[in-house]
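Spelled out, the chains give:
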Amino acid sequence: MRNRRLLSALALCAAVSISATGCFATVGGDAGAGGTVVFSNTGGALASIFADTAYKQLAEQGVQVAEESPNNEAKLTAMVESGTPTWDVFYASPYRTVAKCDVLFEKLDMSRINTDGLDPELTSECGVPVLKSAFLLVYNADKYGDQPPQSWTDFYDTTNFPGTRGIMNYAKDAGIETALLASGVPGDQLYPLDYERAFATLDTIRPSVRFYETGAQQTQALESGEVDMMLAWPGRAYEAAKNGANLKVVWNQPLYYTDSLGIVKGAPNMDEAYELINSLIAVPTQEEIMKRQPYGAANANAKPSEDPLLNSFIATSNVTGTEVNRDNEWWAANLDEATQRWTNWVNR
């Protein structure tokens, strides 16, 4: 049965690859020794890190990881509703594991997860954190010289800080929150989000905004100078800086977020799913994430990188008490409405 499941996962992987979706399987050890597990995640740099750490560890134990990316929730929903999911572990936003707990995701048996080093406030019934990050205000240092932006207020001020702005074209990517911070809403009073106030602020920069759909577009825009400031993902900004862009970060009110791991409702390889989660949140994998990407570890026992360029984009290394924490419970309840309001604003 386990071999058939692995073959099924690999066949699915091959089919998806034909449609230009990145997908591969990492296999090691005796195929029948410890089972298989199928992991749907983001692909890219993180997947490479996982392959070099968690997957290798599991392979030594006889557990084989088949991987499919991207982590498409619509496809996950169809799988679960069909009653025959082929994925076991899903890389998710934490508010989705809250909103879809016991619907798309299994309620976790925490006695089977090594939570040592994890912040219990970032753990939910159906999700555990795998990394910490933040939405950042990143700017072109060549453009602004010795008078750089110093806050989200400056990001939304095109009079004193002229230039193009980059924002990801999704409500969940902090355009609403940062607009409220710029308008003077205290970071600990953001929620519930005041849409009218936020969009009034966003209106002030609308002619200067470039919207992006993918992280790759974000990196290219920062590298090429297409935008002068970006409401950025740290990984994409770091990649642009590594490729030569002269970028700086404003460490005033970065908006913290986490990424989570959930077990798919009805997962066929439940035991192996717990093993994979434990390996992904363990110190070796967590430290490798910090060595190669500008993210903070979900596991507090992991030691940070000593790379100065990498650390210059890590919120947990630079913030001095102004950080803002995202309210995942609010986003779990309001994602659909926020998305519709954002779409209406962008398209009007």
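If you're wondering where the values come from, they're calculated on a predicted model, not measured in any experiment. (Residues numbered from 1 in each chain as written. Predicted model: local features only at pLDDT ≥ 70, side-chain atom pairs only at ≥ 80, totals over all residues. Heavy atoms only, no water.)

Q: Break down the packing of helix α9 (residues 195–203) against helix α16 (residues 328–347) for me, with residues and values.
A: Their axes nearest at 12 Å, the elements α9 and α16 cross at an angle of 40°. What the angle tells us is that α9 and α16 run oblique. Crossing hand, α9 versus α16: right-handed. Residues Tyr195, Glu196, Phe199, Leu202 and Asp203 of α9 form the contact with α16, whose own contacting residues are Trp330, Asn334, Glu337, Ala338, Arg341, Trp342 and Trp345. Split into classes, the residues belonging to the contact of α9 with α16 amount to 7 nonpolar, 1 polar and 4 charged. (Axes fitted to C-alpha atoms, helices over the stretch in contact; angles between N-to-C directions. Helix = DSSP H or I, 4+ residues; strand = E, 2+ residues; numbered from the N terminus. Parallel < 35°, antiparallel > 145°, perpendicular 65-115°, else oblique. Left-handed = near helix turned anticlockwise from the far one by under 90°. Contact = heavy atoms within 4.5 Å. Nonpolar A, V, L, I, M, F, W, Y, C, P; charged D, E, K, R; others polar.)

Q: How would you sum up the layout of surface pockets? Please name residues and give values.
A: For the largest pocket, the calculated volume is near 1,400 Å³. In terms of residues, the lining of the largest pocket owes the most to one element, α16, which gives 6 residues. In terms of residue class, the lining of the largest pocket is made up of 20 nonpolar, 16 polar and 11 charged. The computed volume of the second largest pocket comes to approximately 420 Å³. Forming the walls of the second largest pocket are 19 residues, and the residues nearest its centre are Glu121, Leu122, Thr258, Arg326 and Asn328. The set of elements that each furnish at least two residues to the lining of the second largest pocket consists of α5 (94–99), β5 (128–140), β9 (247–263) and α16. No other element matches β9, which puts 4 residues into the lining of the second largest pocket. Among the residues forming the lining of the second largest pocket, the class breakdown is 5 nonpolar, 9 polar and 5 charged. (1 Å grid on protein atoms, 1.4 Å probe; cavity = no way out; pocket = protein on both sides within 12 Å on 5 of 7 lines; lining within 4 Å. Points joined across faces, edges and corners; volume = space filled by probe spheres on them.)

Q: Let's hear about the environment of Lys172: which residues, and what values?
A: Tracing the backbone shows Lys172 in the loop between β6 (165–168) and α8 (175–182). Along the backbone, Lys172 and Ser93 are 79 residues apart, and their C-alpha atoms lie at a distance of 9.8 Å. With sequence-adjacent residues up to four places away left out, Lys172 is seen in contact with Tyr95, Phe135, Arg326, Trp331 and Leu335. For Lys172, the side chain forms a polar contact with the side chain of Asp173, separated by 3.3 Å. (Polar contact = N/O pair within 3.5 Å; in protein donor to acceptor, adjacent residues only side chain to side chain.)

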